[in-house]
Amino acid sequence: MKPTVYLRIASVLTLIHALLHTIGGVFGKTPPNVQPVVDTMQGNQFLVMGVMRTMWDFHQGFGLVASVSLTVEGLVFWQLGTLAKSDALRLRPIIATFLIGYLCISVISYRYFFAGPVITEILIALCLGLAIWSSRRSAIVEAG
């Protein structure tokens, strides 16, 4: 397959990851046994750089930042797929940067979260790796 296909698959996986993270992770229902922790996080305000915040504010804010970042990355992967049609070889360093990032994120997810994100992030990394590999292969075929 061509790099464009792998980048499109990575894009769709990343956008699904963003959607599920937002629905389940940020706006999902809190399990009853966790509610006391949420109440504590929401109930204790402290001053941070001139504004009053809670740990819940930080939790929600970082969750939304992750959702936005995943969405942007999904859109960038789609755009890279378009660019890969004409010059996939030159995109390899950019794709490799995302590949390394997703491998690191999968390790963090394994340590702190659960299987769903880990599997998704490894699949995204795999697609990015295959895009790099197939871009080299495509260049060899076109040159030969």
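Whatever comes next refers back to the structure up there.
Residues numbered from 1 in each chain as written. Predicted model: local features only at pLDDT ≥ 70, side-chain atom pairs only at ≥ 80, totals over all residues. Heavy atoms only, no water.

1. What about the overall build of the protein?
Selection rule: Only DSSP runs of H or I covering at least 4 residues are called helices, and only runs of E covering at least 2 are called strands; the numbering of each starts at the N terminus. Throughout this description, buried means an accessible area under 20% of the type-specific maximum (1.4 Å probe, protein chains only), exposed means over 50%, and partly exposed covers the range between. Residues are treated as being in contact if the distance between any of their heavy atoms lies within 4.5 Å. Accessible areas in this description were obtained via Shrake-Rupley with a 1.4 Å probe; residue shielding takes into account the shown protein chains only. Counting rule for charge: Lys and Arg are taken as positive, Asp and Glu as negative, and neither His nor the chain ends is counted. Positions of charges follow a simple convention, taking NZ of Lys, CZ of Arg, CG of Asp or CD of Glu.
Counting secondary structure elements, the protein contains four helices and two strands. The linear arrangement of helices and strands in the protein, starting from the amino end, is α-α-β-β-α-α. Each of the three principal axes of the protein carries a C-alpha extent, and together these read 65 × 35 × 20 Å. Expressed as a percentage of the 144 residues in the protein, the buried residues total 31%. Long-range contacts, defined as pairs at least 24 residues apart, comprise 70% of the intrachain contacts of the protein with a sequence gap of at least 6. Only carbon and sulfur atoms are counted for the fraction: they give 70% of the accessible area of the protein, which is about 9300 Å². Taken as two groups, the 10 positive and 6 negative side-chain charges of the protein have centres that lie 10 Å from each other.

2. Some thoughts on the nonpolar core
Stated precisely, the cut-off is as follows: As used in this record, nonpolar core signifies buried Ala, Val, Leu, Ile, Met, Phe, Trp, Tyr and Cys residues forming a set joined through side-chain atoms within 4.5 Å.
Leu7, Phe77, Ile95, Tyr102 and Leu128 are the most contacted members of the largest nonpolar core, which totals 19 residues. Residue assignment for this core shows that the elements contributing at least two residues are helix 1 (3-26), helix 3 (55-112) and helix 4 (115-143).

3. Here we look at the packing of helix 2 (residues 35-43) against helix 3
Under the convention used in this document: Lines fitted to C-alpha atoms define the axes here, with helix axes fitted over just the stretch in contact, and angles between the N-to-C directions of these axes take values from 0 to 180 degrees. Roughly parallel refers to an angle under 35 degrees, roughly antiparallel to one over 145, roughly perpendicular to one between 65 and 115, and oblique to any angle outside these ranges. By the convention adopted, Pro, Cys, Tyr, Trp, Phe, Met, Ile, Leu, Val and Ala count as nonpolar, Lys, Arg, Asp and Glu as charged, and the other residues, Gly among them, as polar.
Direction vectors running N to C along helix 2 and helix 3 enclose 105°, while the axes themselves pass 5 Å from each other. If you check the angle between helix 2 and helix 3, you find them roughly perpendicular. Counted together, Val38, Met41 and Gln42 of helix 2 and Met55, Trp56 and His59 of helix 3 form the full contact between these two elements. Across the contact of helix 2 with helix 3, the residue classes break down as four nonpolar, two polar and no charged.

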